[in-house]
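Each chain, written out:
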Amino acid sequence: MDDCLSHNRLDMGTKVIAVRVGSNKALKDFTVHEALVRKSSPFFEKALAQDWVESQSRIVKLPTMKPPAFQLYVQWLYSSRLYLRIDEKSKLVDRSKVIECCINAYLLGDYLQDIAFKDTLIDLILEWSSMMYVLQAAVLLTKDVYANTPEDSLLRQLLVDLSVWGISPYAWKISADSAFEFPNAFLMGVVTGQSKRLSDIDPSGVKETGYSHFKKIKGTCIYHCHRDGPCYKSDVQVDGKHSTTPAKK
Ligand SMILES: [Zn+2]
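These notes cover the structure that comes with them. Since the model is a prediction, treat every value here as computed from it, not as a measurement. Note that residues are indexed from 1 along each chain, following the sequence as it is written. Local features are withheld for residues below a pLDDT of 70 in this predicted model, meaning they are given only at 70 or higher, and side-chain atom pairs are given and counted only at 80 or more; totals for whole chains, interfaces and linings count all residues.

Here's the deal with unusual backbone geometry
Moving on, step 1. In this model, Gln113 sits at a positive phi of 60°, which is unusual for a non-glycine residue.
Moving on, step 2. Here Gln113 shows up in the loop between helix 6 (92-112) and helix 7 (115-127). Secondary structure counts use DSSP, requiring at least four H or I residues in a row for a helix and at least two E residues in a row for a strand, with both numbered from the N terminus.

Concerning the pairing of strand 2 (residues 28-33)
Moving on, step 1. In short, DSSP must find at least two bridges between two strands for them to pair. Pairing of strand 1 (residues 16-21) with strand 2 involves six bridges; the strand directions are antiparallel. Within strand 2, the position partnered with Val16 by the bridge is His33.
Moving on, step 2. Linking strand 1 back to strand 2 in an antiparallel pair, the connection comprises six residues, with Gly22 at a positive phi of about 85°.

Section: the environment of Ala185
Moving on, step 1. With respect to the secondary-structure elements, Ala185 resides in helix 12 (residues 184-199).
Moving on, step 2. By C-beta crowding, Ala185 is classed as partly exposed, having 13 other C-beta atoms within 10 Å.
Moving on, step 3. With 34 residues separating them along the chain, Ala185 and Glu151 place their C-alpha atoms 8.9 Å apart. Buried means a residue has 20 or more other C-beta atoms within 10 Å of its own C-beta, exposed means 12 or fewer, and partly exposed covers the counts in between; C-beta atoms are placed from the backbone.

Some words on helix 8 (residues 132-139)
Moving on, step 1. Within helix 8, six of the eight residues are buried, which leaves it mostly tucked inside the rest of the structure.
Moving on, step 2. Lining the buried residues of helix 8 we find helix 6, helix 7, helix 9 (142-148), helix 10 (154-166) and helix 11 (169-177). C-beta atoms are placed from the backbone for every residue, and two residues are taken to be in contact when these atoms lie within 7 Å.

Here we look at the sheet that holds strand 3 (residues 59-62)
Moving on, step 1. Spatially, 2-1-3 is the arrangement adopted by the three strands of the open sheet, whose pairing is mixed. Where the open sheet ends on each side, the last strands, each with one partner, are strand 2 and strand 3. Strand after strand, the sheet turns through a mean of 25° between neighbouring axes, direction not considered.
Moving on, step 2. Every axis corresponds to a line fitted to the C-alpha atoms, with the helix fit spanning only the stretch in contact, and the corresponding angles, defined between N-to-C directions, vary from 0 to 180 degrees. Across the sheet, helix 5 (residues 67-79) is in contact with strand 1, strand 2 and strand 3; its angle to strand 2 comes to roughly 15°.

Right under this line is the structure:
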């Protein structure tokens with residue numbers, strides 16, 4: 001009976017560590033259970049297991065990361081939910097902040113090497129892919145993404161594909177009018193993707209739309225980083241620690 005019960009509980013232990021995120025005025029301290037964060041993030045596992053100064057001081061500093069992104073990470077660690085919600089009635093600028101937080105959280109996940117966190121965020125972005133303003137806001141963050149991710153980043157690929165299948169000519173015009181500078185690698189990806197989209201002819205003669213394209217790939221692991229490892233969605237437990245749904249909206 002004990003085994004049955006303990007199987008579904010978070011194994012957090014009693015030790016906690018401090019994590020100092022950001023710098024100057026944007027600095028914020030967090031407290032997290034060491035066992036929990038080490039189990040999820042190879043970065044924390046390394047920092048706290050070896051003879052690094054962090055393992056002695058019990059403080060891990062992340063000066064280049066954003067506190068709201070880390071807050072989201074802590075909430076996810078303890079609940080496996082992403083507490084990000086887009087309110088259709090809120091102002092465009094507020095919606096953009098939510099999307100920015102989501103992208104920053106992914107960059108944090110990259111830094112912490114937390115694959116399950118990144119894959120959960122990818123699924124949330126895909127859930128939002130039918131909302132045009134989400135696509136526009138996400139694409140405007142390409143500079144940050146390309147500056148902070150490796151060439152084979154699946155977030156880069158997702159942003160390219162969202163642009164190929166979801167961005168309207170009108171939105172591209174707005175970006176051009178505001179002289180927004182996209183990274184060259186991103187533009188090359190979009191041009192290549194558009195060319196492929198035009199040359200791929202469905203034998204049934206039915207033209208694939210952005211809507212049908214994203215409907216087809218939602219729920220798949222195409223943009224997940226786990227590769228041959230287990231998907232976070234397969235780790236379903238009866239207490240809801242891990243859920244098949246990526247986010248609480
Ligand atoms: Zn997966």
